[in-house]
Amino acid sequence: GCLLLWLLPSILRARASPETRPSSPLCQQSPTKVSCRGVGLRKFPKELGQGIKYLELSNNFIQNLSGSNMPGFGQLEYLDVCFNQLEAVSATALAQLPRLRSLLLGSNHLDRNYLANGEAFRLLRNIEVLDLSVNHLESHMASWYISNLTSLRVLDLSGNTMTKLLAGTFRNSPRLRQLDLSSNYIMEIQEGAFEPLEELEVLNLALNSLHCISGFSLTQLQVLNLSHNALELFSSEEGAEPYLLRVLDLSHNRLLSFPELPRAHDLTHLNLSNNFIASLLPGSPQPREFVLPYKEMQRFINRTVHPMATLTHVADLDLSNNRLELFPFSFFHSLGSLHSLSLARNCLQDVARESVSNGTELSVRWLDLHSNALRVLPHWFFDSLPHLESMDLGSNSLQPCGSQGSDQGRDLGRDSHTSAPGGTCTPFYNVARLRHLSLSKNNISRLQPHAFSRTPLLSLDLSGNRDLSMPTGALGGLELSLQELSLRDNQMDEGQAALPCLGRLRVLDLSGNHLSLLPAGLSCSPLESLDIGNNNLQTLGAVGSWSHSLRVVCVAGNPWSCCSLGWLD
């Protein structure tokens, strides 16, 4: 009984409703900054000190901001009321915040009293950052809220229910620099909607329902995200003024061919992944049947498009998840700054040879070709990629050629446009700068001797090649370079996994095989991470030099002998 009486005051305090509790003890406060995030407030806190400039009230239950609840906040510059139940903002409340620069009202119910609220917003003469995301705002509601915010620099209208951008929406917001309209239902952008925004630099229109962008003319824009729409056409306005666009994301759309890009002399990142692009070669027939019959599309069909001329500064190009069947060297040749290129998950079967001349070189350093239908890459393919450092060829059907550990095999076809001898294997030897290579899931049955000779690989992935046989000498030439090796899920036994003395090997994955003994060559490797899970190991025996270097080891899924666990010591 005494214990319960002693606890009773604490229990009563805990059960008291949020509005009966004093507000300030629940908040974290410094002289100019107060955070009352997620403390259960239902009203604006009254008991805060003077001179506060930063106030965070997110994740509470506040329903309205009224003047009677907001005394002494004349110095406030930042106010966050996101994730509340806010539906009413009074003019008297905002009149008491003359210095407010940032107002965050995301995830509330500002659609309910939008006429009165919007009228009150006219008092936000100095507001620069405004978040109205996820408020169920329709197009006309959003326009009304920002109709008089002349100082606005950053605006977030994402996650609302807008279906169109009205021509006059941004008429009085000429200083806007960042605009987020993502995750709406926008199907139409009325002509001139963006015309007043001469300082706009970042525009996010992702996750909408746009089918066509015709006459793109935002020359000052630097970042444009149009991903996850239904775009079948993207074309720019013809004119002499250069564009400042640096980043363009058109991924997850319905583009049937390479987009007609503006004079984007500064474009460095272009994402065209997850579209329906079938060819990049000059003169390829343009699609004549679009899902939607726009008049702009007919104009596009009748024009000669040369997209390569506008891409001289592109460093990162993503064309993964399209319908390309040929690797077109002639297209990429003009991209002199290209460092990263992804053509993963296409339908690539061959390398386009028609327009390739001797001496054609690409500047690509990182190349992703995984999940295609490649069966062979010719000698000249690697000669044309002298800067290549990392290459993912997983999930293809490539068989590595063997070599004699010299330049002999490579010289045989250096200047020809034919495959490796016999046309059935790919030469991965003598690739001078290649450091990282993945050949996982290529149905490689046998690795030939010195398959990677004179290629200074740091990491090699040969996982997922069922019943792979790796005889002595297969990894010859990698003794002084290889640091990471994966032979995972190959169902190899110890007779199929002969490793040389890899003096720099730090990470080894041998899991998912049928090994009852570890390869003898491991004795001289300074291993730090070893995965031997799901094999047939009963003991490790002599663990060699890596007994002192090992930091991570996975041994699960083996039939360990309880009588032979001395290796654990």
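Residues numbered from 1 in each chain as written. Predicted model: local features only at pLDDT ≥ 70, side-chain atom pairs only at ≥ 80, totals over all residues. Heavy atoms only, no water.

In the annotation of an unreviewed UniProt entry, the chain is listed under the name LRC32 protein and assigned to Sitta europaea.

1. Some details on the overall build of the chain
Of the regular secondary structure elements, the chain holds eight helices and 30 strands. Across the 569 residues that make up the chain, the buried fraction comes to 49%. A total of about 25900 Å² of accessible surface is found on the chain, and carbon and sulfur atoms cover 50% of it. (Helix = DSSP H or I, 4+ residues; strand = E, 2+ residues; numbered from the N terminus. Buried < 20%, exposed > 50% of the residue type's maximum accessible area, 1.4 Å probe, protein only. Areas by Shrake-Rupley, 256 points an atom, 1.4 Å probe, with all protein chains shown as cover.)

2. A short note on unusual backbone geometry
Phi at His-450 takes a positive value of approximately 55 degrees, unusual for a residue other than glycine. Inspection of the secondary structure puts His-450 in the loop between strand 25 (436-438) and strand 26 (459-461). With relative accessibility at 28%, the residue His-450 sits in the partly exposed group. Phi at Arg-454 is positive, roughly 60 degrees, even though this residue is not glycine. Take Arg-454: it is sitting in the loop between strand 25 and strand 26.

3. So, the packing of aromatic side chains
Tallied over the entire structure, the rule returns 16 aromatic pairs. Seen in terms of ring centroids, Phe-428 and Phe-452 are 6.3 Å apart; in terms of plane orientation they differ by 40 degrees. Their pairing is tilted. Note that Phe-428 is positioned in the loop between helix 8 (408-411) and strand 25 and Phe-452 in the loop between strand 25 and strand 26, a separation of 24 residues in sequence. Of the two residues, Phe-428 and Phe-452, both sit in the buried class. (Phe/Tyr/Trp six-rings, centres within 6.5 Å; stacked < 30°, edge-to-face > 60°.)

4. Notes on helix 3 (residues 114-121)
Residues of helix 3 that are buried: Tyr-114, Asn-117, Gly-118, Ala-120 and Phe-121. With its buried residues spanning 155 degrees around the axis, helix 3 presents them on a single face. For helix 3, exposure combined with an orientation more than 90 degrees from the buried face picks out Leu-115 and Ala-116. Of the surrounding elements, those touching the buried residues of helix 3 are strand 6 (88-89), helix 2 (91-95), strand 7 (102-104), strand 8 (129-131) and helix 4 (139-145). (Arc of directions from axis to C-beta. Contact = heavy atoms within 4.5 Å.)

5. Examining the nonpolar core
In terms of nonpolar packing, the biggest core is built from 142 residues, with Leu-79, Phe-327, Phe-332, Phe-381, Met-391 and Phe-452 touching the most fellow members. Counting residues per element, the ones that place at least two in this core are helix 2, helix 3, helix 4, strand 14 (212-216), helix 6 (329-332) and helix 7 (379-383). (Core = buried A, V, L, I, M, F, W, Y, C linked by side-chain atoms within 4.5 Å.)

6. Digging into the environment of Leu-270
Structurally, the position occupied by Leu-270 is in strand 18 (residues 269-271). Leu-270 sits 21 residues away from Asp-249 along the chain, and the two C-alpha atoms are 6.0 Å apart. Aside from chain neighbours lying at most four places away, what touches Leu-270 is Leu-248, Phe-258, Leu-261, Leu-311, Asp-316, Leu-317 and Asp-318.

7. Observations concerning the state of the cysteines
Tallied over the full model, the rule gives three disulfides. The disulfide that involves Cys-401 links it to Cys-425, with 2.0 Å between the sulfurs. Across the S-S bond of Cys-401 and Cys-425 the torsion is about 100 degrees, and the bridge reads as right-handed. On the criterion of sequence distance, the pair formed by Cys-401 in the loop between strand 24 (390-392) and helix 8 and Cys-425 in the loop between helix 8 and strand 25 is long-range, its members being 24 residues apart. The pair formed by Cys-401 and Cys-425 is uniform in burial state, with each residue classed as buried. In the chain, numbering the disulfide-bonded cysteines from first to last in sequence yields the connectivity 1-2, 3-4, 5-6. (Disulfide = S-S within 2.5 Å.)

8. What about the pattern of salt bridges?
It is possible for side chains bearing opposite charge to pair when their charged atoms get close. With the rule as written, the count across this model stands at ten salt bridges. Here Glu-119 and Arg-122 are joined by a salt bridge, their closest N and O atoms 3.8 Å apart. The class of Glu-119 is partly exposed, set by a relative accessible area of 44%. Here Lys-164 makes a salt bridge to Glu-188, at a shortest N to O gap of 3.9 Å. You can see Lys-164 sitting in strand 10 (residues 164-165) and its partner Glu-188 sitting in strand 12 (residues 188-189), a full 24 residues away along the chain. Residue classification places Glu-188 among the partly exposed positions, given a relative accessible area of 37%. Connected through salt bridges with shared partners, the residues Arg-488, Asp-489, Asp-509 and Asp-531 form a single ionic network. (Salt bridge = Lys/Arg side-chain N within 4 Å of Asp/Glu carboxyl O.)

9. A closer look at the confidence of the model for the chain
Residue-level pLDDT values for the chain average 86, and 84% of them are 70 or greater. Residue range residues 1-23 is modelled with pLDDT below 50. Its contacts to residues more than four positions away, or to other chains, number 13 contacts. Taken together, the stretch residues 406-422 has pLDDT below 50 and engages in 35 contacts with residues farther than four places along the chain or on a different chain. (pLDDT = per-residue confidence, 0-100.)

10. So, the pairing of strand 16 (residues 233-236)
Alternating positions in strand 16 separate into two faces, Leu-233 and Ser-235 on one and Phe-234 and Ser-236 on the other, with burial throughout. Inspection of the sheet shows strand 14 paired to strand 16 by three bridges, in the parallel sense. In the strand pairing of strand 16, Ile-213 is matched with Phe-234. (Pairing = 2+ DSSP bridges.)

11. A few points about the environment of Arg-446
Counting through the fold element by element, Arg-446 comes out in the loop between strand 25 and strand 26. By relative accessible area, Arg-446 is classed as partly exposed at 42%. Considering only alpha carbons, one finds Arg-446 and Asn-465, 19 residues apart in sequence, at a separation of 9.4 Å. Here Arg-446 is in contact with Leu-468, Ser-469 and Pro-471, once residues within four sequence places are set aside.

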